[in-house]
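Structural characterization, general
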Amino acid sequence: MVGEADIWAILETVPDPEIPVISVVDLGVVRNVAVTDAVEVTVTPTYSGCPAMSVIAMDIETALAKQGVDARIVTQLSPPWTTDWLSDKGRARLEGYGIAPPRAAGGPERCPHCQSANVHRVSQFGSTPCKAQWRCGSCLEPFDYFKCL
Amino acid sequence: MLGEFALRQGDNALVLGHRLSEWCGVGPALEEDIALANTALDLIGQGKLWLELAGEELGQSADDLAFLRDAHAYRCALLVELPNGDFGQTLLREFFFDAFQLPWLHALTGSSSPRVAEIAAKSAKEAAYHLERSAETVIALGDGTEDSNARMATALRYLWPYTGELMLDTDADRACVEAGIAPLPSSIRGEWDRIVKDVLSQAMLTLPESEFAHQGGRTGARHTEHLGHMLATMQVLPQSHPGAAW
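The structure displayed is predicted, hence computed values, not measured ones.

Cut-offs applied
Per chain, residue numbering runs from 1 following the sequence as it is written. The order in which chains are written sets their letters, starting at A; the order in which ligands are written sets their numbers, starting at 1. Totals for whole chains, interfaces and linings use every residue, but because this is a predicted model, local features are given only for residues with pLDDT of at least 70 and side-chain atom pairs only at 80 or more, for both listing and counting. Each helix corresponds to a stretch of at least 4 residues labelled H or I by DSSP, and each strand to a stretch of at least 2 residues labelled E; elements are numbered beginning at the N terminus. Exposure classification rests on a simple neighbour count of other C-beta atoms within 10 Å of a residue's own: a residue reaching 20 or more is buried, one at 12 or fewer is exposed, and one in between is partly exposed. C-beta atoms are placed from the backbone. Placing a C-beta atom from the backbone of each residue, one calls two residues in contact when those atoms lie within 7 Å. Note on scores: pLDDT gives the predictor's confidence for each residue, bounded by 0 and 100. The arc in question is the one spanned by the directions pointing from the helix axis to the C-beta atoms. Any two strands are treated as partners once DSSP identifies two or more bridges connecting them. Every axis corresponds to a line fitted to the C-alpha atoms, with the helix fit spanning only the stretch in contact, and the corresponding angles, defined between N-to-C directions, vary from 0 to 180 degrees.

1. A closer look at the overall build of chain A
Scanning chain A for helices and strands turns up 4 helices and 7 strands. Each helix and strand of chain A, ordered N terminal to C terminal, gives the series α-α-β-β-α-β-α-β-β-β-β. Per-residue burial over chain A gives 37% buried out of 149 residues. The contacts in chain A between residues at least 6 apart in sequence include a share of 51% that link residues at least 24 apart.

Now the structure itself:
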(Lines give C-alpha, C1' and ligand atoms only; values in the text may rest on other atoms or scores of the structure.)
Protein backbone atom coordinates (compact mmCIF):
# COMPACT_ATOMS: atom_id res chain seq x y z
CA MET A 1 0.00 0.00 0.00
CA VAL A 2 1.44 3.38 -0.98
CA GLY A 3 1.34 6.23 1.47
CA GLU A 4 1.19 9.97 0.93
CA ALA A 5 4.97 10.28 1.40
CA ASP A 6 5.53 7.76 -1.42
CA ILE A 7 3.30 9.77 -3.73
CA TRP A 8 5.13 13.01 -2.90
CA ALA A 9 8.45 11.24 -3.58
CA ILE A 10 7.22 10.18 -7.03
CA LEU A 11 5.93 13.70 -7.75
CA GLU A 12 9.40 15.07 -6.91
CA THR A 13 10.64 13.20 -9.99
CA VAL A 14 8.11 14.81 -12.36
CA PRO A 15 9.83 17.74 -14.09
CA ASP A 16 8.11 20.94 -15.17
CA PRO A 17 7.68 20.42 -18.92
CA GLU A 18 8.94 23.95 -19.75
CA ILE A 19 11.66 24.23 -17.08
CA PRO A 20 12.87 20.67 -16.61
CA VAL A 21 15.39 21.48 -13.83
CA ILE A 22 12.58 21.93 -11.31
CA SER A 23 9.90 19.45 -10.35
CA VAL A 24 6.17 20.10 -10.26
CA VAL A 25 6.51 20.03 -6.45
CA ASP A 26 9.23 22.73 -6.54
CA LEU A 27 6.94 24.80 -8.77
CA GLY A 28 4.29 24.70 -6.04
CA VAL A 29 1.45 23.54 -8.26
CA VAL A 30 0.80 20.33 -6.29
CA ARG A 31 -1.51 21.50 -3.51
CA ASN A 32 -2.52 18.24 -1.91
CA VAL A 33 -2.09 14.49 -1.99
CA ALA A 34 -4.80 12.36 -0.44
CA VAL A 35 -4.62 8.61 -0.10
CA THR A 36 -7.89 7.01 0.90
CA ASP A 37 -9.53 4.22 -1.10
CA ALA A 38 -8.12 5.99 -4.12
CA VAL A 39 -5.24 8.40 -4.71
CA GLU A 40 -6.13 12.01 -5.41
CA VAL A 41 -3.61 14.67 -6.42
CA THR A 42 -4.77 18.29 -6.32
CA VAL A 43 -3.08 20.60 -8.81
CA THR A 44 -3.46 24.35 -9.29
CA PRO A 45 -2.67 26.21 -12.53
CA THR A 46 0.16 28.75 -12.67
CA TYR A 47 -1.35 31.07 -15.30
CA SER A 48 -4.95 30.55 -16.50
CA GLY A 49 -3.90 30.05 -20.09
CA CYS A 50 -0.63 28.19 -19.56
CA PRO A 51 -0.57 25.33 -22.08
CA ALA A 52 1.86 23.40 -19.86
CA MET A 53 -0.89 22.71 -17.32
CA SER A 54 -2.55 19.89 -19.23
CA VAL A 55 0.89 18.39 -19.85
CA ILE A 56 1.69 18.61 -16.13
CA ALA A 57 -1.52 16.79 -15.21
CA MET A 58 -0.77 14.11 -17.82
CA ASP A 59 2.87 13.75 -16.68
CA ILE A 60 1.80 13.32 -13.05
CA GLU A 61 -0.74 10.68 -14.02
CA THR A 62 1.83 8.84 -16.15
CA ALA A 63 4.60 8.95 -13.51
CA LEU A 64 2.25 7.55 -10.87
CA ALA A 65 0.87 4.92 -13.25
CA LYS A 66 4.42 3.72 -13.92
CA GLN A 67 4.71 2.98 -10.19
CA GLY A 68 1.41 1.17 -10.28
CA VAL A 69 -0.55 4.03 -8.74
CA ASP A 70 -3.85 4.90 -10.35
CA ALA A 71 -4.44 8.54 -9.40
CA ARG A 72 -7.17 11.03 -9.97
CA ILE A 73 -6.02 14.58 -10.76
CA VAL A 74 -8.20 17.38 -9.38
CA THR A 75 -7.78 20.99 -10.46
CA GLN A 76 -8.20 23.65 -7.81
CA LEU A 77 -8.25 27.41 -8.51
CA SER A 78 -8.41 28.81 -5.01
CA PRO A 79 -6.23 30.05 -3.44
CA PRO A 80 -4.58 31.22 -6.68
CA TRP A 81 -1.02 30.08 -7.30
CA THR A 82 1.74 32.42 -6.22
CA THR A 83 5.48 32.33 -6.84
CA ASP A 84 5.83 32.33 -3.02
CA TRP A 85 5.12 28.60 -3.33
CA LEU A 86 8.30 27.96 -5.31
CA SER A 87 10.56 25.87 -3.08
CA ASP A 88 14.00 27.14 -2.02
CA LYS A 89 15.51 24.20 -3.87
CA GLY A 90 13.50 25.19 -6.94
CA ARG A 91 14.65 28.81 -6.72
CA ALA A 92 18.30 27.77 -6.48
CA ARG A 93 17.93 25.39 -9.42
CA LEU A 94 16.25 28.08 -11.53
CA GLU A 95 19.20 30.39 -10.97
CA GLY A 96 21.67 27.62 -11.78
CA TYR A 97 19.76 27.01 -15.01
CA GLY A 98 20.04 30.70 -16.01
CA ILE A 99 16.58 31.88 -14.92
CA ALA A 100 16.57 34.56 -12.23
CA PRO A 101 14.11 33.58 -9.46
CA PRO A 102 11.14 35.85 -8.64
CA ARG A 103 11.42 38.65 -6.10
CA ALA A 104 8.68 40.76 -4.50
CA ALA A 105 10.62 43.85 -5.62
CA GLY A 106 9.44 43.05 -9.15
CA GLY A 107 12.78 42.34 -10.75
CA PRO A 108 15.78 40.04 -10.44
CA GLU A 109 18.37 40.63 -7.74
CA ARG A 110 21.25 39.81 -10.06
CA CYS A 111 22.27 38.32 -13.38
CA PRO A 112 22.07 34.50 -13.13
CA HIS A 113 25.21 34.23 -15.32
CA CYS A 114 27.71 36.68 -13.76
CA GLN A 115 25.87 37.78 -10.58
CA SER A 116 26.10 41.46 -11.51
CA ALA A 117 23.35 43.68 -10.08
CA ASN A 118 23.50 45.83 -13.23
CA VAL A 119 20.38 44.39 -14.91
CA HIS A 120 17.70 45.95 -17.14
CA ARG A 121 14.27 44.87 -18.23
CA VAL A 122 13.83 44.19 -21.95
CA SER A 123 10.20 43.07 -21.87
CA GLN A 124 7.55 42.26 -19.26
CA PHE A 125 6.87 39.03 -21.11
CA GLY A 126 9.07 36.15 -22.24
CA SER A 127 9.14 32.70 -23.75
CA THR A 128 6.48 31.30 -21.39
CA PRO A 129 3.67 33.01 -19.43
CA CYS A 130 5.70 32.80 -16.21
CA LYS A 131 8.79 34.62 -17.48
CA ALA A 132 9.99 38.09 -18.50
CA GLN A 133 13.05 39.10 -20.54
CA TRP A 134 15.94 40.90 -18.85
CA ARG A 135 19.48 41.71 -19.84
CA CYS A 136 22.71 42.07 -17.91
CA GLY A 137 24.61 45.34 -18.35
CA SER A 138 27.88 43.74 -17.24
CA CYS A 139 28.18 40.48 -19.19
CA LEU A 140 25.61 41.73 -21.75
CA GLU A 141 23.82 38.38 -21.77
CA PRO A 142 20.02 38.32 -21.99
CA PHE A 143 18.29 36.12 -19.42
CA ASP A 144 14.85 34.99 -18.30
CA TYR A 145 13.36 36.31 -15.09
CA PHE A 146 10.68 34.23 -13.39
CA LYS A 147 7.87 36.78 -12.89
CA CYS A 148 6.66 37.40 -9.36
CA LEU A 149 2.96 36.54 -9.12
CA MET B 1 -28.53 34.10 -14.14
CA LEU B 2 -25.09 32.88 -13.03
CA GLY B 3 -24.68 31.21 -16.42
CA GLU B 4 -25.51 34.42 -18.29
CA PHE B 5 -23.16 36.37 -16.05
CA ALA B 6 -20.31 33.94 -16.67
CA LEU B 7 -21.05 34.11 -20.38
CA ARG B 8 -20.61 37.90 -20.41
CA GLN B 9 -17.34 37.55 -18.50
CA GLY B 10 -16.11 34.74 -20.72
CA ASP B 11 -17.05 36.43 -23.98
CA ASN B 12 -15.16 39.60 -23.08
CA ALA B 13 -12.02 37.63 -22.26
CA LEU B 14 -12.25 35.25 -25.20
CA VAL B 15 -13.00 37.88 -27.85
CA LEU B 16 -10.29 40.26 -26.63
CA GLY B 17 -7.90 37.32 -26.33
CA HIS B 18 -8.61 36.29 -29.90
CA ARG B 19 -8.17 39.86 -31.16
CA LEU B 20 -4.77 40.09 -29.45
CA SER B 21 -3.76 36.70 -30.85
CA GLU B 22 -4.18 38.19 -34.35
CA TRP B 23 -0.90 40.02 -33.64
CA CYS B 24 1.01 36.77 -33.21
CA GLY B 25 3.84 36.76 -35.75
CA VAL B 26 3.25 40.33 -36.97
CA GLY B 27 4.06 42.44 -33.88
CA PRO B 28 6.22 45.54 -34.40
CA ALA B 29 9.11 43.96 -32.45
CA LEU B 30 9.75 40.46 -31.17
CA GLU B 31 9.23 41.48 -27.53
CA GLU B 32 5.93 43.17 -28.32
CA ASP B 33 4.81 40.20 -30.36
CA ILE B 34 5.51 37.87 -27.44
CA ALA B 35 3.87 40.24 -24.97
CA LEU B 36 0.66 40.41 -27.03
CA ALA B 37 0.60 36.65 -27.50
CA ASN B 38 1.13 36.09 -23.76
CA THR B 39 -1.63 38.53 -22.85
CA ALA B 40 -3.87 36.78 -25.38
CA LEU B 41 -3.05 33.45 -23.74
CA ASP B 42 -3.97 34.75 -20.27
CA LEU B 43 -7.26 36.12 -21.59
CA ILE B 44 -8.17 32.97 -23.50
CA GLY B 45 -7.35 30.94 -20.36
CA GLN B 46 -9.59 33.21 -18.28
CA GLY B 47 -12.27 32.99 -20.97
CA LYS B 48 -12.12 29.21 -20.71
CA LEU B 49 -12.62 29.30 -16.92
CA TRP B 50 -15.66 31.56 -17.28
CA LEU B 51 -17.14 29.60 -20.18
CA GLU B 52 -16.71 26.34 -18.27
CA LEU B 53 -18.77 27.88 -15.47
CA ALA B 54 -21.31 29.21 -17.98
CA GLY B 55 -21.43 25.78 -19.61
CA GLU B 56 -22.14 24.02 -16.31
CA GLU B 57 -25.05 26.38 -15.72
CA LEU B 58 -26.38 26.32 -19.27
CA GLY B 59 -25.76 22.65 -20.00
CA GLN B 60 -23.17 23.07 -22.77
CA SER B 61 -19.44 22.60 -23.06
CA ALA B 62 -17.09 25.60 -23.01
CA ASP B 63 -15.93 24.67 -26.52
CA ASP B 64 -19.47 24.58 -27.89
CA LEU B 65 -20.16 27.98 -26.34
CA ALA B 66 -17.03 29.41 -27.95
CA PHE B 67 -17.27 27.78 -31.35
CA LEU B 68 -20.93 27.11 -32.09
CA ARG B 69 -22.56 30.41 -31.16
CA ASP B 70 -23.16 33.04 -33.80
CA ALA B 71 -22.43 36.74 -33.23
CA HIS B 72 -25.96 37.57 -32.02
CA ALA B 73 -25.57 35.08 -29.15
CA TYR B 74 -22.29 36.63 -27.96
CA ARG B 75 -22.47 38.91 -24.92
CA CYS B 76 -19.13 40.76 -25.10
CA ALA B 77 -18.83 44.53 -24.88
CA LEU B 78 -18.45 46.24 -28.28
CA LEU B 79 -15.01 47.58 -27.30
CA VAL B 80 -13.32 44.17 -27.32
CA GLU B 81 -14.63 43.09 -30.72
CA LEU B 82 -13.36 46.17 -32.59
CA PRO B 83 -10.61 45.56 -35.14
CA ASN B 84 -7.06 45.93 -33.82
CA GLY B 85 -6.12 48.93 -35.99
CA ASP B 86 -2.46 49.81 -35.50
CA PHE B 87 -0.32 48.76 -32.53
CA GLY B 88 -1.20 51.95 -30.62
CA GLN B 89 -4.93 51.43 -31.07
CA THR B 90 -4.62 47.82 -29.88
CA LEU B 91 -2.75 48.88 -26.74
CA LEU B 92 -5.12 51.78 -26.01
CA ARG B 93 -8.11 49.42 -26.25
CA GLU B 94 -6.26 46.99 -23.99
CA PHE B 95 -5.62 49.78 -21.50
CA PHE B 96 -9.28 50.90 -21.45
CA PHE B 97 -10.32 47.29 -20.87
CA ASP B 98 -7.64 46.59 -18.22
CA ALA B 99 -8.51 49.78 -16.33
CA PHE B 100 -12.05 48.43 -15.98
CA GLN B 101 -11.21 44.76 -15.57
CA LEU B 102 -8.78 45.01 -12.65
CA PRO B 103 -11.10 46.87 -10.22
CA TRP B 104 -14.04 44.82 -11.54
CA LEU B 105 -12.30 41.51 -10.81
CA HIS B 106 -11.29 42.75 -7.37
CA ALA B 107 -14.95 43.56 -6.71
CA LEU B 108 -16.00 40.10 -7.93
CA THR B 109 -13.79 38.38 -5.36
CA GLY B 110 -16.57 39.27 -2.91
CA SER B 111 -19.22 37.47 -4.98
CA SER B 112 -21.83 35.26 -3.32
CA SER B 113 -20.82 32.60 -5.85
CA PRO B 114 -17.60 30.91 -4.72
CA ARG B 115 -16.86 29.96 -8.35
CA VAL B 116 -17.09 33.57 -9.49
CA ALA B 117 -14.93 34.68 -6.56
CA GLU B 118 -12.18 32.13 -7.27
CA ILE B 119 -12.03 32.78 -11.03
CA ALA B 120 -11.91 36.52 -10.30
CA ALA B 121 -9.10 36.12 -7.76
CA LYS B 122 -7.08 34.04 -10.22
CA SER B 123 -7.68 36.43 -13.14
CA ALA B 124 -7.04 39.60 -11.12
CA LYS B 125 -3.37 38.74 -10.66
CA GLU B 126 -2.94 38.50 -14.41
CA ALA B 127 -5.06 41.59 -15.05
CA ALA B 128 -2.82 43.65 -12.75
CA TYR B 129 0.17 42.74 -14.90
CA HIS B 130 -1.74 43.55 -18.09
CA LEU B 131 -2.73 46.97 -16.78
CA GLU B 132 0.83 47.78 -15.77
CA ARG B 133 2.04 47.03 -19.27
CA SER B 134 -0.79 48.60 -21.29
CA ALA B 135 -0.63 51.79 -19.20
CA GLU B 136 3.16 52.05 -19.64
CA THR B 137 2.91 51.47 -23.38
CA VAL B 138 0.10 54.00 -23.85
CA ILE B 139 2.25 56.58 -22.02
CA ALA B 140 5.34 55.69 -24.09
CA LEU B 141 3.44 56.02 -27.37
CA GLY B 142 1.40 59.10 -26.43
CA ASP B 143 4.43 60.88 -25.02
CA GLY B 144 6.64 59.62 -27.85
CA THR B 145 7.12 61.20 -31.24
CA GLU B 146 4.84 63.61 -33.08
CA ASP B 147 3.70 60.71 -35.25
CA SER B 148 3.03 58.29 -32.39
CA ASN B 149 1.16 60.99 -30.45
CA ALA B 150 -1.02 61.79 -33.47
CA ARG B 151 -1.80 58.12 -33.99
CA MET B 152 -2.76 57.69 -30.34
CA ALA B 153 -5.01 60.77 -30.56
CA THR B 154 -6.74 59.21 -33.59
CA ALA B 155 -7.13 55.88 -31.77
CA LEU B 156 -8.54 57.73 -28.76
CA ARG B 157 -11.21 59.46 -30.88
CA TYR B 158 -12.21 56.13 -32.40
CA LEU B 159 -12.26 54.05 -29.20
CA TRP B 160 -13.67 56.54 -26.70
CA PRO B 161 -17.40 56.10 -27.57
CA TYR B 162 -16.99 52.34 -27.04
CA THR B 163 -15.59 52.60 -23.51
CA GLY B 164 -18.79 53.66 -21.72
CA GLU B 165 -20.64 50.40 -22.35
CA LEU B 166 -18.33 48.56 -19.94
CA MET B 167 -19.83 50.57 -17.09
CA LEU B 168 -23.46 50.95 -18.21
CA ASP B 169 -25.87 48.96 -16.03
CA THR B 170 -28.40 46.68 -17.72
CA ASP B 171 -31.38 44.77 -16.28
CA ALA B 172 -29.19 41.66 -16.20
CA ASP B 173 -26.62 43.53 -14.10
CA ARG B 174 -29.30 44.67 -11.66
CA ALA B 175 -30.50 41.07 -11.31
CA CYS B 176 -26.92 40.00 -10.49
CA VAL B 177 -26.75 42.61 -7.72
CA GLU B 178 -29.98 41.19 -6.21
CA ALA B 179 -28.40 37.72 -6.22
CA GLY B 180 -25.14 38.98 -4.76
CA ILE B 181 -23.20 37.68 -7.78
CA ALA B 182 -21.67 41.02 -8.77
CA PRO B 183 -21.87 44.73 -8.05
CA LEU B 184 -23.17 47.15 -10.69
CA PRO B 185 -20.64 47.84 -13.46
CA SER B 186 -21.29 51.56 -12.87
CA SER B 187 -19.71 51.18 -9.42
CA ILE B 188 -16.33 50.87 -11.19
CA ARG B 189 -16.75 54.22 -12.99
CA GLY B 190 -14.94 56.34 -10.40
CA GLU B 191 -11.88 54.09 -10.31
CA TRP B 192 -11.81 53.78 -14.12
CA ASP B 193 -12.04 57.56 -14.53
CA ARG B 194 -9.19 58.05 -12.08
CA ILE B 195 -6.86 55.54 -13.80
CA VAL B 196 -7.71 56.76 -17.32
CA LYS B 197 -7.35 60.43 -16.45
CA ASP B 198 -3.97 59.85 -14.85
CA VAL B 199 -2.53 57.75 -17.70
CA LEU B 200 -3.91 59.88 -20.55
CA SER B 201 -2.48 63.01 -18.99
CA GLN B 202 0.95 61.37 -18.69
CA ALA B 203 0.53 60.25 -22.31
CA MET B 204 -0.02 63.86 -23.43
CA LEU B 205 -3.51 62.96 -24.67
CA THR B 206 -6.62 65.06 -24.08
CA LEU B 207 -9.45 63.35 -22.24
CA PRO B 208 -12.52 63.53 -24.54
CA GLU B 209 -15.53 65.31 -23.05
CA SER B 210 -18.28 63.34 -24.78
CA GLU B 211 -20.14 60.82 -22.66
CA PHE B 212 -21.89 59.21 -25.63
CA ALA B 213 -21.56 55.42 -25.45
CA HIS B 214 -22.33 52.87 -28.14
CA GLN B 215 -24.09 49.93 -26.54
CA GLY B 216 -25.76 46.63 -27.34
CA GLY B 217 -22.88 44.18 -27.12
CA ARG B 218 -23.37 43.10 -23.52
CA THR B 219 -27.13 42.57 -24.03
CA GLY B 220 -26.68 41.05 -27.48
CA ALA B 221 -29.09 43.60 -28.94
CA ARG B 222 -26.61 44.87 -31.51
CA HIS B 223 -22.99 43.92 -32.10
CA THR B 224 -20.71 45.77 -34.50
CA GLU B 225 -20.27 44.37 -38.01
CA HIS B 226 -16.76 43.29 -37.00
CA LEU B 227 -17.67 40.48 -34.59
CA GLY B 228 -19.11 38.17 -37.26
CA HIS B 229 -15.96 38.45 -39.36
CA MET B 230 -13.79 37.69 -36.36
CA LEU B 231 -15.88 34.69 -35.35
CA ALA B 232 -15.80 33.34 -38.90
CA THR B 233 -12.03 33.04 -38.58
CA MET B 234 -12.06 31.84 -34.99
CA GLN B 235 -14.75 29.20 -35.53
CA VAL B 236 -13.96 27.87 -39.00
CA LEU B 237 -12.14 24.72 -37.93
CA PRO B 238 -14.65 23.27 -35.43
CA GLN B 239 -17.53 24.25 -37.73
CA SER B 240 -15.94 22.67 -40.82
CA HIS B 241 -15.05 19.49 -38.92
CA PRO B 242 -17.72 19.06 -36.21
CA GLY B 243 -16.53 16.99 -33.29
CA ALA B 244 -12.96 16.78 -34.61
CA ALA B 245 -10.40 15.66 -32.02
CA TRP B 246 -6.62 15.35 -32.19
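2. Let's talk about the interface of chain B and chain A
On the chain A side, the residues contacting the 18 residues of chain B number 15 residues. Elements that contribute at least two residues to the side of chain B that touches chain A include exactly α2 (30–58) and α6 (114–142) of chain B. The element best represented in the side of chain B that touches chain A is α2 of chain B, accounting for 10 residues.

3. Regarding the confidence of the model for chain B
For chain B, per-residue confidence averages 97 on the pLDDT scale, and residues scoring 70 or more make up 100% of the total. Both scores are available for the predicted complex, with the pTM at 0.95 and the ipTM at 0.90.

4. Section: the environment of Leu-11 of chain A
Residue and element names in this part refer to chain A. Within the fold, Leu-11 resides in helix α1 (residues 4–11). For the pair formed by Leu-11 and Arg-135, sequence separation is 124 residues and the distance between their alpha carbons is 33 Å. In contact with Leu-11, other than residues within four places in its own chain, are Ser-23, Val-24, Val-25, Val-30 and Ile-60.

5. Regarding helix α4 (residues 88–96) of chain A
Residues and elements named next belong to chain A. When α4 is considered as a whole, its buried residues turn out to be Gly-90, Leu-94 and Glu-95. For α4, the buried positions fall inside an angular range of 135° around the axis, keeping them on one side. Every exposed residue of α4 that faces more than 90 degrees away from the buried side is listed here: Asp-88 and Gly-96. Summarising the contacts, the buried residues of α4 are in contact with α2 (24–27), β4 (99–100) and β7 (142–146).

6. What about the sheet that holds strand β6 (residues 131–136) of chain A?
Residue and element names in this part refer to chain A. Read across the sheet, 4 strands follow the order β4-β7-β6-β5 without closing on themselves; strand pairing throughout is mixed. The strands lining the two open edges of the sheet, one partner per strand, are β4 and β5 (119–123). Pairing of β4 with β7 involves 2 bridges; the strand directions are parallel. Note that in β7 the partner of Ile-99 across the bridge is Asp-144.

7. Looking at the sheet that holds strand β1 (residues 30–35) of chain A
Residue and element names in this part refer to chain A. Within the open sheet, the 3 strands sit side by side as β1-β2-β3. Their pairing is mixed. Here the strands that pair on one side only, and so sit at the sheet edges, are β1 and β3 (71–75). Adjacent strand axes in the sheet meet at a mean angle of 20°, parallel and antiparallel pairs treated alike. As defined by bridge partners, strand β2 (residues 39–43) adjoins β3 across 5 bridges and the pair is classed as parallel. When the bridges of β3 are listed, Val-41 appears paired with Ile-73. Against the sheet, α1 contacts β1 and β2, and its axis sits at roughly 140° relative to β1.

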